[in-house]
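Structure assessment
The primary structure of each chain is shown beneath.
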Amino acid sequence: MIKIENLKKSFDGHDVLKGISFEIGKGEVFALVGGSGGGKSVLLKHVAGLMRPDQGSVTVDGLEIGTAGREALRTFRERLGFLFQGGALFDSLDVYENVAFPLKEKSKLGRDAIREKVMEELENVGLTGSEHRFPSQISGGMVKRAALARALVEEPEIMLFDEPTTGLDPVTGQSILTLIDSCHQRLSFTGIIVTHEIPKVFAIVDRVVMLHDGFLKAEGTPADFSESRDPVIRAFLDG
Ligand SMILES: Nc1ncnc2c1ncn2[C@@H]1O[C@H](COP(=O)(O)OP(=O)(O)OP(=O)(O)O)[C@@H](O)[C@H]1O
Ligand SMILES: [Mg+2]
C-alpha cells in the first residue's frame, strides 16, 4: 500500500535520507526508529506529501505523492491522519472544537452528526468531561490524547504518528500506545509510528524499520530486533 523507493533528501548539502526503500502492506503498522536527527520526521513528511523527494519516490496505492497534483493530493490527505511531533492543538479552541475542526473543515456532516462523532472519539480516548477545557488547562497526556482523537475522528485509512508518547511519564506513554493499538483494531488503518519507546512499541507493531546514518539499517519483526546481535541495533535497544 505504501511503497518507499530509494528516497533521498538533503538540506543545504546535508544528506538526511540517502536512499531509503521499504514497503508497508494494507493494515500493517510499522515502527520507525533511529537516533535523533536521523530523518524520521522528514520521512513521515514525505509520506504525507508535505515534502518532496530530491530523488526516489513514495507511492500510496499507485499514487506518487511527490509528483501528485494539488487535487489528487487533497483527496489523498482526506484518507490520512497525522499526529505531529509535539501533538499541537489549537490553543484558542477548546478540546471539543479541536477534535471537531477537521470534520467542520472537510466533511459535509451536519452539526448533530459532528457532535456525535466528536463525543464518541473523546470517549474512546478517555476525555469525556474535558471537552470544554482549553489546551492550557489540561495535562500533556491529555493534550496527546486530544490530538489523537483529532487525528482519528475522520477514521483515516493511513495514520502517521510522530513520537506520540514523547514527554509523557511511562504509565501515560504506555496508555497512549495501548490506545493506538485499540484504535488500530477498530479502524484497521495502515500506520507508521515514529518512536523512541523501545521495546514497548514492539507489542503493537508488525514490523520495525531502523534508520541510521541516512540509510535503512535494519527491517524486521519485533522479534528479529529483540534477538539481533548487530552492535548498532543492540546499542539502540539497550539504551
Ligand atoms: N525543513 C527543513 N529544513 C532544513 N533542514 C531540515 C528540515 N527538516 C529537517 N531538517 C534536518 O533534517 C535532519 C533530520 O530531521 P528530522 O526532524 O527528520 O529528525 P528526526 O529523526 O525526526 O529526529 P528526532 O528524533 O529528534 O525527532 C535534521 O538535521 C534536521 O535539522
Ligand atoms: Mg522527529
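These notes cover the structure that comes with them.

Cut-off values and rules
Residues numbered from 1 in each chain as written. Chains lettered and ligands numbered in written order. Predicted model: local features only at pLDDT ≥ 70, side-chain atom pairs only at ≥ 80, totals over all residues. Helix = DSSP H or I, 4+ residues; strand = E, 2+ residues; numbered from the N terminus. Rg over C-alpha atoms; globule rule 2.2 N^0.38 Å. Buried ≥ 20, exposed ≤ 12 C-beta atoms within 10 Å, placed from the backbone. Near = placed C-beta within 6 Å. Nonpolar A, V, L, I, M, F, W, Y, C, P; charged D, E, K, R; others polar. Pairing = 2+ DSSP bridges. Contact = placed C-beta atoms within 7 Å. Axes fitted to C-alpha atoms, helices over the stretch in contact; angles between N-to-C directions. Core = buried A, V, L, I, M, F, W, Y, C linked by C-beta atoms within 7 Å. Domains from an automatic or database assignment. Parallel < 35°, antiparallel > 145°, perpendicular 65-115°, else oblique. Left-handed = near helix turned anticlockwise from the far one by under 90°.

1. Quick word on the overall build of the protein chain
In terms of helices and strands, the protein chain carries eight helices and ten strands. The C-alpha atoms of the protein chain give 18 Å as radius of gyration, which agrees with the globular expectation for 239 residues (18 Å, within 12%). In terms of overall dimensions, the protein chain has a C-alpha envelope of 50 × 45 × 35 Å along the principal axes. The 239 residues of the protein chain split such that 36% are buried.

2. Thoughts on the site of ligand 1
In the neighbourhood of ligand 1, the contacting residues comprise Phe 11, Val 16, Ser 36, Gly 37, Gly 38, Gly 39, Lys 40, Ser 41, Val 42 and Gln 85. The element that contributes the greatest number of residues to the shell around ligand 1 is helix α1 (residues 40-47), accounting for three residues. Residues belonging to the shell around ligand 1 are distributed by class as follows: three nonpolar, six polar and one charged.

3. Looking at the sheet that holds strand β1 (residues 2-11)
Across the sheet, four strands lie side by side as β2-β1-β4-β5; this open sheet has antiparallel pairing. Two strands bound the open sheet, and with one partner strand each, they are β2 (14-24) and β5 (63-64). Pairing geometry for strand β4 (residues 55-60) and β5, over two bridges, is antiparallel. Note on β5: the bridge partner recorded for Val 60 is Leu 63. Of the strands in this sheet, β1, β2 and β4 touch α1, which is tilted by about 55° from β2.

4. Things to note about the sheet that holds strand β10 (residues 215-220)
Here we have six strands laid out as an open sheet, ordered β6-β7-β8-β3-β9-β10, and mixed in their pairing. The open sheet has two edge strands, β6 (80-83) and β10, and neither has a second partner. Averaged over all pairs of adjacent strands, the angle between their axes in this sheet comes to 15°, without regard to strand direction. Taken strand by strand, α1 contacts β3 (29-34), β7 (158-162), β8 (190-194) and β9 (207-212), and its axis lies near 155° from that of β8.

5. Considerations on the nonpolar core
Here is a general trend for soluble globular proteins: nonpolar side chains tend to be buried in one another's company. Ranked by size, the top nonpolar core spans 61 residues in total, and within it Leu 32, Val 47, Val 99, Ala 149, Leu 160 and Ile 193 carry the most contacts. Among the elements that line this core, the one with the most residues is helix α5 (residues 140-152), at seven residues. Looking at which domains feed residues into this core, each of domain 1 (1-79 + 158-239) and domain 2 (89-155) gives three or more. In contact with Leu 160, not counting residues within four places along its chain, are Leu 44, Val 47, Ala 48, Phe 82, Leu 83 and Ile 192.

6. Observations concerning the packing of helix α3 (residues 95-106) against helix α4 (residues 111-124)
The geometry of α3 relative to α4 is characterised by a closest axis approach of 10 Å and an angle of 130° between their N-to-C directions. Taken as axis vectors, α3 and α4 run oblique relative to one another. Here α3 and α4 pass one another in a crossing that is right-handed. Of the residues in α4, those in contact with Tyr 96, Val 99, Ala 100, Leu 103 and Lys 104 of α3 are Ile 114, Lys 117, Val 118, Glu 121 and Leu 122.

7. Side note on the environment of Gly 49
Among the structural elements, Gly 49 can be located in the loop between α1 and β4. Sequence-wise, Gly 49 and Arg 77 are 28 residues apart; in three dimensions their C-alpha atoms are separated by 8.4 Å. Excluding its chain neighbours within four sequence positions, the residues that come into contact with Gly 49 are Ile 65, Ala 68, Leu 73, Phe 76 and Arg 77.

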